[in-house]
Protein chains: 2
Amino acid sequence: MTYCVAITVDKGLVFASDSRTNAGVDHLSTYTKMFTFGKEGERALVVLTAGNLATTQSVIAQLHRDIKQGSQPNFDSVQDMTEAAEYLGQISSAQQQKHVQTSAGATFDPSASFLFGGQIAGGEHRVFMVYPEGNFIMATPENPYQQTGEIKYGKPILDRIITRKTSLEQAALCALVSMDSTMRSNATVGPPLDVLIYEKDSLSVRRHFLFQADDPYLLELKNAWDQKIREAFSGLHSFNLEEPERLVANTE
Amino acid sequence: MTYCVAITVDKGLVFASDSRTNAGVDHLSTYTKMFTFGKEGERALVVLTAGNLATTQSVIAQLHRDIKQGSQPNFDSVQDMTEAAEYLGQISSAQQQKHVQTSAGATFDPSASFLFGGQIAGGEHRVFMVYPEGNFIMATPENPYQQTGEIKYGKPILDRIITRKTSLEQAALCALVSMDSTMRSNATVGPPLDVLIYEKDSLSVRRHFLFQADDPYLLELKNAWDQKIREAFSGLHSFNLEEPERLVANTE
């Protein structure tokens, strides 16, 4: 499985992805799911992948091939982020279609989805969710983040913390905490973790960080969060067990 | 959808369930999912239901009918908790089978699952998960809780807090916090909430509480937890963005 999250705040964008893939429990592997494109100072594009690994790899390969061969459109030629998302959706559908027809079994599922974001000079910074069918939605002020994969474990903390006013540092921290909750409760999501912090108008994907499983900061964060959650929990008050108004009468 | 959790600790058992049901977003209703059986001082049995509402209602009705008619086995006659879980599984399979055969469409799904627990005099207090097929597993010291329905949002807090040594009050509080995280992130889980606290060897289901949506304690808990999570988060340290060893080299 996979967990990816992309956050858009006023100051920029944050992307985070795990790197565990599995085709059955015997087939655990590590593949990065974060890919960057663009030209420093002109455009910065980030793609996070989820779903069938053969599909996502062929999509990434095609994106690079289109740039190299100058096929139109490509990530170096698209004029704005919406055009870029549409192009990514088309490439994804086309790659999936290639293998659907040759499939022997009904259980074969080549589908893939993508979190996609960045900025092209002259436009706004944006985050999109590109669905397996190639259509897409955009993160908005009311919905400042998008997730794919094992999204539920790490959603409550995002819902509590992230707004458009959240700083980039806090958004990146929240993405790591969200990732930590997911990894703790689900064995199919795991390190290394990719984190990319995109500062609005920087038009650069240079702040791309990789955290290994034994990264001292990651271990410290994991322990600190665990400790703080326990402290927070221990500060809550139990309800009064003796208050009669909540008691349900025995129906027998 | 549904969220139910049953926790087993050394001192006893805690059960919690929401009461929202939906068949499509137009068809939201409120039905309790917690049902108690037994005889004070002799046996205390609790059933939490998830899945097809017609199935779960007919299962509960059959459980009552079997007691009334003295059919063997029934919840008043079973000798131990494992026998009780097996009987519940059989009733559930039988009710599902009745409607599978008359189904017109392939999308009809009569399946239901149950969290089941309690204690019968002379035996231990136990919690079981009864699957749609009627088979079941038991909560163990390594796995002190079972969940059904929308389980993922509320799992991280259970994983952090619950052990066999947790007190009944703390386990009940943790169940409410787990429920709160789920309700916050998923609209298909909602109040009123049933909570039942079973003290080991009490052989009584009297501590069954119902929290309405506007229950002052529930609102206070929701706000207090939100506040404490924010405080906990604000006490975490961001990673050093300038440390070069984590930077991923741009591959272009």
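Here the structure is a predicted model, which is why all the values come from computation and not from measurement. (Residues numbered from 1 in each chain as written. Chains lettered and ligands numbered in written order. Predicted model: local features only at pLDDT ≥ 70, side-chain atom pairs only at ≥ 80, totals over all residues.)

Student: Explain the overall build of chain A here, please?
Tutor: Within chain A one finds five helices and twelve strands. A principal-axis box enclosing the C-alpha atoms of chain A has dimensions of 75 × 50 × 35 Å. For chain A, with 252 residues in total, the buried portion stands at 48%. Look at the contacts in chain A between residues 6 or more apart in sequence, and 64% of them connect residues 24 or more apart. (Helix = DSSP H or I, 4+ residues; strand = E, 2+ residues; numbered from the N terminus. Buried ≥ 20, exposed ≤ 12 C-beta atoms within 10 Å, placed from the backbone. Contact = placed C-beta atoms within 7 Å.)

Student: Help me understand the relation of the copies chain B and chain A, please; the structure alone is not making it clear to me.
Tutor: Turning one copy of the chain about an axis and sliding it along that axis gives the other copy, so a rotation and a shift relate them. Screw-axis analysis of chain B against chain A gives a translation of 0.0 Å along the axis, an RMSD of 0.0 Å, and a rotation angle of 180°. Within this description, the copies of the chain are treated as partners about a two-fold rotation axis. No C-alpha of chain B lies nearer the rotation axis than that of B:Tyr153, which sits 2.3 Å from it. Most of the interface of chain B is mirrored in chain A: 100% of its interface residues are interface residues there too. (Least-squares fit on C-alpha atoms with pLDDT ≥ 70 in both.)

Student: Would you take a moment to explain the nonpolar core for this structure?
Tutor: A general tendency of soluble globular proteins is for nonpolar side chains to be buried together. Core analysis: the biggest nonpolar cluster contains 136 residues, and A:Ala175 and B:Ala175 have the highest contact counts within it. Once residues lying within four places of it in the same chain are set aside, the contact partners of B:Ala175 are B:Val5, B:Ile7, B:Val14, B:Ala16 and B:Val195. (Core = buried A, V, L, I, M, F, W, Y, C linked by C-beta atoms within 7 Å.)

Student: I keep staring at the interface of chain B and chain A and nothing clicks. Help me out?
Tutor: When the parts come together, some accessible area is lost, and that loss is often what is quoted as the size of the interface. Listed by partner, the interface residues are 42 residues for chain B and 42 residues for chain A. Broken down by element, the residue count for the side of chain B that touches chain A peaks at ten residues, all from helix 5 (residues 216-234) of chain B. Class assignment of the residues belonging to the side of chain B that touches chain A gives a composition of 23 nonpolar, seven polar and twelve charged. (Nonpolar A, V, L, I, M, F, W, Y, C, P; charged D, E, K, R; others polar.)

Student: So what exactly am I meant to see when it comes to the environment of A:Ile91 here?
Tutor: Residues and elements named next belong to chain A. Along the chain, Ile91 falls in helix 2 (residues 81-100). Residue class for Ile91 comes out buried when judged on the 24 C-beta atoms lying within 10 Å of it. Between the C-alpha atoms of Ile91 and Val59, which are 32 residues apart in sequence, the distance is 6.3 Å.

Student: Would you mind showing me how to read the sheet that holds strand 8 (residues 126-130) of chain A here?
Tutor: Adjacent strands of a sheet form backbone hydrogen bonds with each other and so pair up, either parallel or antiparallel. All names here are of chain A. Taken together, five strands build an open sheet; the order of strands is 5-6-7-8-9 and the sheet is antiparallel. Each end of this open sheet is capped by a strand with a single partner; those strands are strand 5 (34-39) and strand 9 (136-138). Neighbour to neighbour, the strand axes of the sheet diverge by 20° on average, direction disregarded. Bridge count between strand 5 and strand 6 (residues 43-51): six bridges; the pairing is antiparallel. (Pairing = 2+ DSSP bridges. Axes fitted to C-alpha atoms, helices over the stretch in contact; angles between N-to-C directions.)

Student: Hey, could you run me through the pairing of strand 7 (residues 112-120) of chain B in this one?
Tutor: Each regular strand shows side chains that alternate between the opposite faces of the sheet. All names here are of chain B. When you tally the buried positions in strand 7, you get nine out of nine residues, the bulk of the element. Side chains of strand 7 alternate between two faces, with Ala112, Phe114, Phe116, Gly118 and Ile120 and Ser113, Leu115, Gly117 and Gln119 buried alike. Pairing between strand 6 (residues 43-51) and strand 7: nine bridges, direction antiparallel. The residue bridging Arg43 from the neighbouring strand is Ile120, located in strand 7. Relative to strand 8 (residues 126-130), strand 7 is paired through five bridges, and the arrangement is antiparallel. Paired with Phe116 across the two strands is Phe128, which belongs to strand 8. From the end of strand 7 to the start of strand 8, which pair antiparallel, there are five residues, and Gly122 there has a positive phi angle of about 95°.

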